[in-house]
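Residues per chain are reported as follows:
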Amino acid sequence: MGTRRRTTDVIKQNEPSFGSPYVLALAVIHGPDRHAIHRIVDTETKVGRSEEADFMIADTLVSDLHFTVRVNGNLYSMVDLGSTNGTHLNQNLITEGIRVRLKNFDEIQAGRTRFLFIANRFRIEE
């Protein structure tokens, strides 16, 4: 089995990730990977059990590729990728293929794992 990717690479302070003025992350708040944090530094982040996922989760109720978080400028969204057990956003079931907007401190649930979506603004000191 390959190396588990729980956190992403550190990016240089003077290079905001893909133009967003926010630090974006998924933090596991409940489940087998509790306390794991994945910093989002690309326009699409796939979450699941597979090694193909950008954020690998050990929860057996999470599909290989369960959901994805997409970034388009300052707009953030989530899409269920046809998971077996579904994905919930703030306790509402999200239908496969439907894109839903994310905001700071939204809770996503996949299997037994609950994530907190974090979008905190930062300033670059000049």
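Look up a bit, the structure's there.
Conventions we followed
Residues numbered from 1 in each chain as written. Predicted model: local features only at pLDDT ≥ 70, side-chain atom pairs only at ≥ 80, totals over all residues. Heavy atoms only, no water. Helix = DSSP H or I, 4+ residues; strand = E, 2+ residues; numbered from the N terminus. Buried < 20%, exposed > 50% of the residue type's maximum accessible area, 1.4 Å probe, protein only. Salt bridge = Lys/Arg side-chain N within 4 Å of Asp/Glu carboxyl O. Pairing = 2+ DSSP bridges. Axes fitted to C-alpha atoms, helices over the stretch in contact; angles between N-to-C directions.

As a further point, take the overall build of the protein. Counting its regular elements, the protein contains 0 helices and 11 strands. Ordered by position in the sequence, the α and β elements of the protein form the string β-β-β-β-β-β-β-β-β-β-β. Residues counted as buried form 38% of the 126 residues belonging to the protein.

Once that is clear, we can look at the pattern of salt bridges. If the charged atoms of two oppositely charged side chains come close together, the side chains can form a pair. Taken as a whole and judged by the stated rule, the model has 5 salt bridges. Of the charged contacts, one joins glutamate 44 and arginine 70 as a salt bridge, the two residues approaching to 2.8 Å between their closest N and O atoms. With glutamate 44 in strand S3 (residues 44–48) and arginine 70 in strand S5 (residues 67–72), this pair connects stretches of sequence that are 26 residues apart. With a shortest N-O distance of 3.4 Å, aspartate 64 and arginine 49 are connected by a salt bridge. Taken as a pair, aspartate 64 in the loop between strand S4 (55–56) and S5 and arginine 49 in the loop between S3 and S4 lie far apart in primary sequence, 15 residues in all. By relative accessible area, aspartate 64 is classed as partly exposed at 43%. On the basis of relative accessible area, arginine 49 is assigned to the partly exposed category, the value being 33%.

So, on to the sheet that holds strand S1 (residues 22–30). Read from one edge of the open sheet, 6 strands run S2-S1-S11-S10-S7-S8, paired in antiparallel fashion. Unpaired on one side and paired on the other, strand S2 (37–40) and strand S8 (92–94) mark the two borders of the sheet. Neighbour-to-neighbour, the strand axes of the sheet open up by a mean angle of 30 degrees, direction not taken into account. Relative to S2, S1 runs antiparallel, the two sharing 4 bridges. Of the residues in S2, the one forming a bridge with alanine 27 is isoleucine 37.

Further remarks concern unusual backbone geometry. Of note in this structure, histidine 35 is not a glycine but carries a positive phi near 85 degrees. In this structure, histidine 35 sits in the loop between S1 and S2. Taking relative accessible area as the criterion, histidine 35 reaches 62% and is therefore assigned exposed. Phi at asparagine 90 takes a positive value of approximately 50 degrees, unusual for a residue other than glycine. Along the chain, asparagine 90 falls in the loop between strand S7 (87–89) and S8.

Each strand in a sheet pairs with its neighbour through backbone hydrogen bonds, running either in the same direction (parallel) or in the opposite one (antiparallel). Overall, mixed pairing links the 5 strands, which are arranged S4-S3-S5-S6-S9 in an open sheet. The open sheet has two edge strands, S4 and strand S9 (99–102), and neither has a second partner. Of the pairings in the sheet, the one linking strand S6 (residues 75–80) to S9 comprises 4 bridges and is antiparallel in character. Bridge pairing links valine 79 to arginine 99 in S9.

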